[in-house]
Amino acid sequence: MPETDQGGVRSVQRAVDLLALYDAEHPSRTVRELVTATGLPKSTVVRLVHTLEQCGLLWSRGDGRTVPGPGLLRWAELARTTWQLPEEALQRLRDLSEASGGESIGLYVRQRDVRVCVARHEGNRTLRHVVRVGAEMPLWAGAASHVLLSRADPAEIAAVAAHGPHREWAGTLGERARRAAVRGWSVSHGEREPGVSGAAAPVFDAAGRLVAAVALGGPTVRFTDEAIAGFVPALLDTARALTALGSIGGTA
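Treat the numbers as computed from the prediction; the structure is a model and nothing was measured. (Residues numbered from 1 in each chain as written. Predicted model: local features only at pLDDT ≥ 70, side-chain atom pairs only at ≥ 80, totals over all residues. Heavy atoms only, no water.)

## Re the overall build of the protein
If you tally the helices and strands in the protein, you get nine helices and eight strands. Projected onto the principal axes, the alpha-carbon positions of the protein cover approximately 60 × 40 × 40 Å. Burial statistics for the protein: of 252 residues in total, 41% are counted as buried. Within the protein, contacts between residues at least 6 apart in sequence are counted, and of these 54% link residues at least 24 apart. (Helix = DSSP H or I, 4+ residues; strand = E, 2+ residues; numbered from the N terminus. Buried < 20%, exposed > 50% of the residue type's maximum accessible area, 1.4 Å probe, protein only. Contact = heavy atoms within 4.5 Å.)

Structure representation (structure tokens):
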């Protein structure tokens, strides 16, 4: 790749990384905060902020802080309509929750080294696993991650596992991904957080590509071997139904 192209890609990546620093806990940022968080020179951050403001992706509100800009509203609405599942698919999530005794259901897609929740049905149990739509979770842990990595090569898995709890995690994660590929589903207990368990199955697109993982999540005390054996058939049926509907990422 020519040096000028590399510089352009680097600038785009820096701009994206800067935008990613705005979240529910940090809806506004000062330039000083952005410099500290990115480790970039102040002049570079100021230039990026100015460019993003010109594009409407950031907005300076006059008190020294910047917020996500109005230009993102159009994209946010487009993303919402694109990723909103049709009613038939949402009903499948509700049915799976009922079949599992009221556990919460999530649909996840892979985004580099994280998995993102793109759809959700909250269970009716008082003690339940809570994840918001749009939340990013680590790809190195959890049943949904095993499924999403079930077709990944060893190098990909090793790169993801580098963020895991210890140096030997690549072998562990690789084995769990391979097991998910063989049996068509996966289960996890306390990988990301003690006391939290999950079970997941793959969702494919019309071309046979693995595009998502549908997962149940809840407290480990309820994910006994007997309980898992009871709801896995419904989990697999839901995954097949979502595959047949072909609505992951929109249909337009």
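Picking up where we left off.
## What about helix 7 (residues 154–161)?
Those residues of helix 7 that sit buried are Ile 157, Val 160 and Ala 161. Viewed end-on, helix 7 has its buried residues packed into an arc of 95°, placing them on one side of the element. Contacts made by the buried residues of helix 7 are with strand 3 (104–111) and helix 8 (169–183). Looking at where helix 7 begins, the residue whose side-chain oxygen comes 3.1 Å from the main-chain nitrogen of Ala 155 is Asp 153. (Arc of directions from axis to C-beta. Polar contact = N/O pair within 3.5 Å; in protein donor to acceptor, adjacent residues only side chain to side chain.)

## Thoughts on unusual backbone geometry
For Arg 112, which is not glycine, the phi torsion reads 55° and is therefore positive. Along the chain, Arg 112 falls in the loop between strand 3 and strand 4 (114–121). Its relative accessible area of 62% is what places Arg 112 among the exposed residues.

## Points about the packing of aromatic side chains
A full pass over the atoms with the stated rule returns two aromatic pairs. With a centroid separation of 6.1 Å and 85° between ring planes, the pair formed by Trp 140 and Trp 169 is classed as edge-to-face. With Trp 140 in the loop between strand 5 (136–138) and helix 6 (143–148) and Trp 169 in helix 8, this residue pair connects regions lying 29 residues apart in the sequence. You can call Trp 140 buried: its relative accessible area is 15%. (Phe/Tyr/Trp six-rings, centres within 6.5 Å; stacked < 30°, edge-to-face > 60°.)

## Some thoughts on the sheet that holds strand 4
Taken in spatial order, the six strands make up an open sheet running 5-4-3-8-7-6, and their pairing is antiparallel. With partners counted over all chains shown, the strands left at the sheet margins are strand 5 and strand 6 (186–189), one partner each. Across the sheet, the axes of successive neighbouring strands diverge by a mean angle of 35°, strand direction being ignored. As paired elements, strand 6 and strand 7 (residues 196–204) share four bridges and run antiparallel to each other. Along strand 7, the bridge assignment pairs His 189 with Ser 197. Contacts from helix 9 (residues 225–245) reach strand 3, strand 6, strand 7 and strand 8 (210–219) within the one sheet, and its direction differs from that of strand 7 by about 30°. (Pairing = 2+ DSSP bridges. Axes fitted to C-alpha atoms, helices over the stretch in contact; angles between N-to-C directions.)

## Observations concerning the nonpolar core
Ranked by internal contacts, the top residues of the largest apolar core, which has 27 residues, are Leu 85, Leu 107, Val 203, Val 214 and Leu 216. If you tally residues by element for this core, the top one is helix 9, at six residues. Residue contacts for Leu 85: discarding those within four places in its chain leaves Leu 90, Leu 93, Leu 107, Ala 119, Ser 247 and Ile 248. Within the second largest apolar cluster, 24 residues are counted, among which are Val 147, Ile 157, Ala 161 and Ala 200. (Core = buried A, V, L, I, M, F, W, Y, C linked by side-chain atoms within 4.5 Å.)

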